[in-house]
Amino acid sequence: MIKIPARVLIVDDEKDFVEMFSLRLQAQGEKVSTAHSGKEALAVLGQTTIDVVILDIRMPGMDGIDTLKQIKTLFPIVEVILLTGHGSTETAVEGMKLGAFDYLMKPADFEDIKIKLENARKRKDEQEERIRQAEVRLLLRRSGDY
Amino acid sequence: MNKLYDNKVRLLLVDDEEGFRTAIARRLGKRGFVPVQASTGEECLEILGRDPVDVVVLDVKMPGISGIDTLKIIKQEYNKIQVILLTGNVAVSDGIEGIKSGAFDYLTKPIEIDHLVNKIKQAFEMIRLEEEKQKELEYREKLEKKMIDTERLASIGTMSTGIAHEINNPLAIINESAGFMKYILSTPEMLKCNRRGALMMGIEKIENSIKRARKITHQLLGHVKKPELQFSEVNLKALLYETFGLLKREIKDKQININWEIDPKKNIIWSDPYQLRQVLMNLLSNAVHAVSENGSITLSTREIDEDIILEIKDNGIGIPKENLSKIFDPFFTTKSFDEGTGLGLFVVHKIISNLNGKIDVASTVGEGTRFYIRLPKTDELNR
């Protein structure tokens, strides 16, 4: 089976982490964009099509949860996986209630990341497919009206 | 008068004049006090070294060690004993010196027997009061120590979670870097590199160390599969069975006897089964490690007020006294690093506190260890 690359955006203020993590995901065949703050992340999302955002919860400035809220408002279909180095599982759970797909504890096991990333992308694909079908039905009904 | 009370006083009468001594002893005996007798200070000390005594009635003027010197030795060696001095009627200064040296009181010869009896009763009453005071003091000290322990654990906990937070970030970078290098080494062009094996080995060592460090930080952060408390009805016996299932092999290998003393009526509580399983897992695996072959582990439950007490007792190696106060501290361990992180009991303590419970331990080296867990039957907050 040929792997379809996921379009991933990594958001973390730890530049070294972003760099190594994106190299690794690229090596897996994913298409990776990076951002070092919530603001930057929203800018990237405005310009590039992204399937899954991997988002650090604790960042200076706009923190992960605020960024998540913004993403879910502006780009509701994009899936978000929260990343926490701070054991703030409560925050992670709060994030999931706000629409995040799942969370990972730093340092995360790469296999876990792969599985969660794949599932997140699948959910986004399915959602997009449902939207497409709904659109088709809408068009058919409209054309039926004429 | 109150015979029972009188009989309880263990009395020693010391006087070198035998006639006087036996007369006093006889008269005391009639009033319910039967004294042990000694004729010299030396003999008095010898008796005290052998038998427990509450009150000593001591003549001051004796050949050999004087009454005052005997008194000083008694006060130094047996601080609970009360001493009543008997002095000659001209030697008031002896009595005063005696009181300065710690005597309860002094009586001047010739003595009034009822007076002596009263003094003995007062001295004995004094001992009782002192004992009560001592008990109260010990209780307060114990309580204070417990409070300090709890505070100390809480502050160590806060600090160590802080450290764990900060370590996880660099650890994640190391993890991704090692993973990336491993990936590079598995690409076809690198297969030709003749030192590839050595590099791979180095990376594996890094990865194993990351896992070890991650285990520590995640445990410190109390990272368990169910992060929030989820209360439901918990059958302690069933949960214990389930946990033993995970330790089946070790139990079989060591042929450990498990004694169930669980009252089926005192066995159901409202708590978080996932967290409790973690607690039981840590405690039971400790018990399994502690016992030798054919050892035994006893599990019992009982009820106190609105709480259930679960007791896990083993007849294993036990915990040395000096370690008992430290076993709930993070990173305290007597095992090597690959056997334990020193966080098991720290996590247990944290979980039990979160569940509004209490945990305590008693242990004797060579005899075994007992853990008491006290948990509320119902969750008061949810009622």
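What comes next is a walk through the structure.

What counts, and where the lines are drawn
Residues numbered from 1 in each chain as written. Chains lettered and ligands numbered in written order. Predicted model: local features only at pLDDT ≥ 70, side-chain atom pairs only at ≥ 80, totals over all residues. Heavy atoms only, no water. Core = buried A, V, L, I, M, F, W, Y, C linked by side-chain atoms within 4.5 Å. Buried < 20%, exposed > 50% of the residue type's maximum accessible area, 1.4 Å probe, protein only. Helix = DSSP H or I, 4+ residues; strand = E, 2+ residues; numbered from the N terminus. Contact = heavy atoms within 4.5 Å. Salt bridge = Lys/Arg side-chain N within 4 Å of Asp/Glu carboxyl O. Pairing = 2+ DSSP bridges. Axes fitted to C-alpha atoms, helices over the stretch in contact; angles between N-to-C directions. Arc of directions from axis to C-beta.

### Concerning the nonpolar core
With 37 residues, the main nonpolar core has Leu276 and Leu283 of chain B as its most contacted residues. Where this core is concerned, the elements lending two or more residues are helix H8 (236-246), helix H10 (273-290), strand S9 (296-304), strand S10 (307-314), helix H12 (344-354), strand S11 (358-364) and strand S12 (368-376) of chain B. If you tally residues by element for this core, the top one is H10 of chain B, at 7 residues. If near-sequence neighbours (up to four positions away) are discounted, Leu276 of chain B is found in contact with Val234, Leu236, Leu239, Ile269, Ser271, Ile352, Leu355 and Leu375 of chain B. Counting residues in hydrophobic clusters, the runner-up holds 26 residues, among them Leu9, Leu42 and Leu68 of chain A together with Leu220 of chain B.

### Some details on unusual backbone geometry
Omega for the peptide link from Lys106 of chain A to Pro107 of chain A comes to -10 degrees, which places this bond in the cis form. Structurally, Pro107 of chain A is set in the loop between strand S5 (102-105) and helix H5 (110-145). Look at the link from Lys109 of chain B to Pro110 of chain B: it is a cis peptide, with omega at -5 degrees. Inspection of the secondary structure puts Pro110 of chain B in the loop between strand S5 (105-108) and helix H6 (113-185). Here Gln255 of chain B, not a glycine, exhibits a phi torsion of approximately 50 degrees, which is positive. One can find Gln255 of chain B in the loop between helix H9 (248-254) and strand S7 (257-261). Positive phi values are uncommon outside glycine, yet Asp305 of chain B reaches one of about 50 degrees.

### Considering the pattern of salt bridges
This model, assessed by the stated rule, comprises 28 salt bridges over all chains. Note that Glu242 of chain B is salt-bridged to Arg277 of chain B, the shortest N-O span being 2.3 Å. Placement of the pair is Glu242 of chain B in helix H8 and Arg277 of chain B in helix H10, with a sequence separation of 35 residues. Connected via shared salt-bridge partners are Arg7, Asp51, Lys124 and Glu128 of chain A.

### Section: the sheet that holds strand S1 (residues 11-14) of chain B
Strand pairing in a sheet relies on backbone hydrogen bonds. The paired strands run either parallel or antiparallel. All names here are of chain B. The 5 strands lie next to each other as S2-S1-S3-S4-S5, forming an open sheet whose pairing is parallel. At either end of the open sheet lies a strand with only one pairing partner, and these are strand S2 (36-38) and S5. On average, each strand axis in the sheet is tilted by 20 degrees relative to the strand beside it, whichever way the strands run.

### Quick notes on helix H5 (residues 92-100) of chain B
Residues and elements named next belong to chain B. Taken together, the buried positions of H5 are Asp94, Gly95 and Gly98. The arc that holds every buried residue of H5, seen down its axis, measures 100 degrees, which confines them to one face. Of the exposed residues in H5, those oriented more than 90 degrees away from the buried face are Ser93 and Lys100. Looking at the buried residues of H5, the elements they touch are helix H4 (67-77), strand S4 (82-87) and S5. Of the residues trailing H5, Gly102 is marked for its positive phi of about 110 degrees.

### Remarks on the sheet that holds S10 of chain B
All names here are of chain B. With respect to topology, 5 strands assemble into an open sheet ordered S7-S9-S10-S12-S11, the strand pairing being mixed. Looking at which strands have only one partner, the edges of the open sheet turn out to be S7 and S11. Each strand of the sheet is rotated relative to its neighbour by a mean of 15 degrees, with strand direction disregarded. Bridge count for S7 against S9 is 5 bridges, and the pairing is parallel. Opposite Glu261, over in S9, you have Ser300 as the bridge partner. Of the strands in this sheet, S11 and S12 are in contact with H12, which crosses S11 at around 140 degrees.

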